[in-house]
Amino acid sequence: MEFLTELAGNPERCAPSIHIAGSKGKGSVTGMLTAMLSASGFRAARYMSPHVIDIRERICLGDSYFSEEIYCNAGDELRRITEELLPAAGNPLFDTESPKTCEPTASEPTFWELLTLLFFLCARMANCDVMVVETGMGGRLDSTNVLDPLVSVITLIELEHTAILGNTLAKIAGEKAGIIKKGKPLILAKQSEEALEVFKKKAEEKNSPLFYLPEIAELSNIKITPQGTDFSLSIPHSPFFIPNSSFVIPLPGKVQAENAALAIAALKTAFPQIGIDIIRRGLSIFYIPGRFEKIINEASIKHQEGNLRAKLLRPVEVQGPFIIDGAHTPESLALCMETFCLLYGEGGILLFGCAADKDASAMAEITHLHFSKIIITTPGAFKASNPENVYEVFKNIAGHEKTLLVKDTREAVKMTMEFTCDKNYPDKILPALGTGSFYLVSEIRKIIYKDRDVC
């Protein structure tokens, strides 16, 4: 990645950056930081994953897409680098004796590396003032780790991608800690003792000021509604003093208040001049799809030109609350369930699908008691999945009476909405939750909103 960025003239240095890693919540933190910076008047480039509707969600200006001209020009530059400069520069990964074929001798740049470079090129061409960048996996070896950010942010660490990152929290934390840079502050979310010790040691080695959120921030008055989360935050003892202040985010969940506190602390560390009123305004307009998102009917859609919400087109009729959430680990699913049951109660419909490498058994244990019907389906085709195995796991834990296997996702969505109408109680509409994978969330959204512009 360093080789690629050097060939491109180091676009990763075109603007100051904030770098975010972690197992859970890093997408929300990335989105919140971008929203607050945009409200402050910054041209903030945002890089995050996965996308739910359109691949351009990964590479954004604020919460909107870059212009088509920027994507095209950056794509042309990326093509020029890969087709002309890579072999000409004597890249040791390529056989330069055959420049026309460029046969790889080791490994070619990956999709993720090229996509990351495309983001940096877009940010430079658009003259962005700041970049907010989420890691893809881990941190130490992630393609985004060519950055030298103003501040690094690490969210909660869980056991994830164990085949690549390691099978203990300490090993995974060691990979995430790779984004800590010499002399640059680290804002750290609440961690297990095992992970916390790793981060403390790495921060000390790097002479990086460590701000551990549970020790510096006081969250209070958290109120969760279907419209979002209200909370109060105070950070009394730190270089970025924040008096006790109230905030609102349009995303339900206690964990979202914690994500917001992390984002606010990072923002004030990097840009201490930004005031509380601007922070409030930014958080109030924060939006990313697939995070405890309520599917809405046509009458309530707000068409905002250029905004990601404008991609919500002509949905089918949804009778009751239908929530979609990309929770794909037991810990994140437990938090999703806590919020869902608090707002909508028990006995609804669960539409579930997960990738083959996920802990379906643990997620079945977390969910099965809270739903009257569970539909297992295929979470898209991007990652390997085995819905038959997931169905067997859920059936053995939840019982065959309320567990169904509907491999066709479109049919599964249709059946979910049919089940929300209780035949025994015609006036009662049951809530529904679609979760287990961001890829499933993406499929549900495509089916319900019938997007015309899907990549």
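These numbers were taken from a predicted model, which means no experiment stands behind them. (Residues numbered from 1 in each chain as written. Predicted model: local features only at pLDDT ≥ 70, side-chain atom pairs only at ≥ 80, totals over all residues. Heavy atoms only, no water.)

**Describing the overall build of the chain**
Rules: Strands here are runs of E lasting at least two residues and helices are runs of H or I lasting at least four, both read from the DSSP assignment and numbered beginning at the N terminus. Whether a residue is buried, partly exposed or exposed follows from its accessible area with a 1.4 Å probe, protein chains only, as a fraction of its type maximum: under 20%, in between, or over 50%, in that order. Per-residue and other accessible areas follow the Shrake-Rupley method at a 1.4 Å probe size, with only the shown protein chains counted as cover for residues.
Counting secondary structure elements, the chain contains 15 helices and 17 strands. For the chain, the residues scored as buried account for 55% of the 455 residues in total. When the accessible surface of the chain is summed, it comes to about 19,500 Å², and 51% of that surface belongs to carbon and sulfur atoms.

**Let's talk about the nonpolar core**
Defined as follows: Note on terminology: a nonpolar core comprises buried Ala, Val, Leu, Ile, Met, Phe, Trp, Tyr and Cys residues joined through side-chain atoms within 4.5 Å. Contacts are assigned to residue pairs with any non-hydrogen atoms lying within 4.5 Å of each other.
In terms of nonpolar packing, the biggest core is built from 69 residues, with Ile18, Leu33, Leu37, Ile187, Ile279, Leu283 and Phe352 touching the most fellow members. Those residues within four positions of phenylalanine 352 in sequence are excluded, and the remaining contacts are Leu333, Met363, Ile375, Ile376, Thr377, Val390, Phe394, Thr435, Gly436 and Leu440. Core analysis: the second largest hydrophobic core is formed by 31 residues, Leu86, Leu115, Leu118 and Ala126 among them.

**Remarks on the sheet that holds strand 2 (residues 44–47)**
Our working definition: Two strands are said to pair when DSSP picks up at least two bridges between them. Note on geometry: axes are C-alpha line fits, over the in-contact stretch for helices, and angles between N-to-C directions span 0 to 180 degrees.
Strand order in the open sheet formed by eight strands is 4-3-2-5-1-6-7-8, and the pairing between neighbours is mixed. Single-partner strands in this sheet number two, and they are strand 4 (64–65) and strand 8 (210–212). In this structure, strand 7 (residues 186–188) lies alongside strand 8, joined through three bridges in parallel fashion. Counted as the bridge partner of isoleucine 187 is phenylalanine 211 from strand 8. Contacting strand 1 (17–21), strand 2, strand 5 (130–134) and strand 6 (151–154), helix 2 (residues 26–39) crosses the sheet at an angle of about 170° to strand 5.

**Quick word on the confidence of the model for the chain**
Caution is warranted with low-pLDDT regions, since their predicted coordinates should not be read in detail. Let me state the cut-off plainly: Per residue, pLDDT measures the predictor's confidence, with a range of 0 to 100.
Summary statistics for the chain give a mean pLDDT of 88 and a share of 87% for residues scoring 70 or more. A low-confidence stretch, residues 297–317 (pLDDT under 50), is modelled with 46 contacts involving residues beyond four sequence positions or located in other chains. Between residues 451–455, whose pLDDT stays under 50, and residues either more than four places distant or in other chains, the model counts 15 contacts.

**Details of the sheet that holds strand 11 (residues 242–249)**
Through backbone hydrogen bonds, the strands of a sheet pair up, either in parallel or in antiparallel fashion. Spatially, the three strands line up as an open sheet ordered 9-10-11, and their pairing is antiparallel. Each edge of the open sheet is held by one strand with a lone partner, namely strand 9 (218–225) and strand 11. Put simply, the sheet's adjacent strands are angled 10° from each other on average, direction ignored. Two strands pair when backbone bridges link them, and strand 9 and strand 10 (residues 228–235) are joined in this way by six bridges, in the antiparallel orientation. Counted as the bridge partner of threonine 225 is glycine 228 from strand 10.

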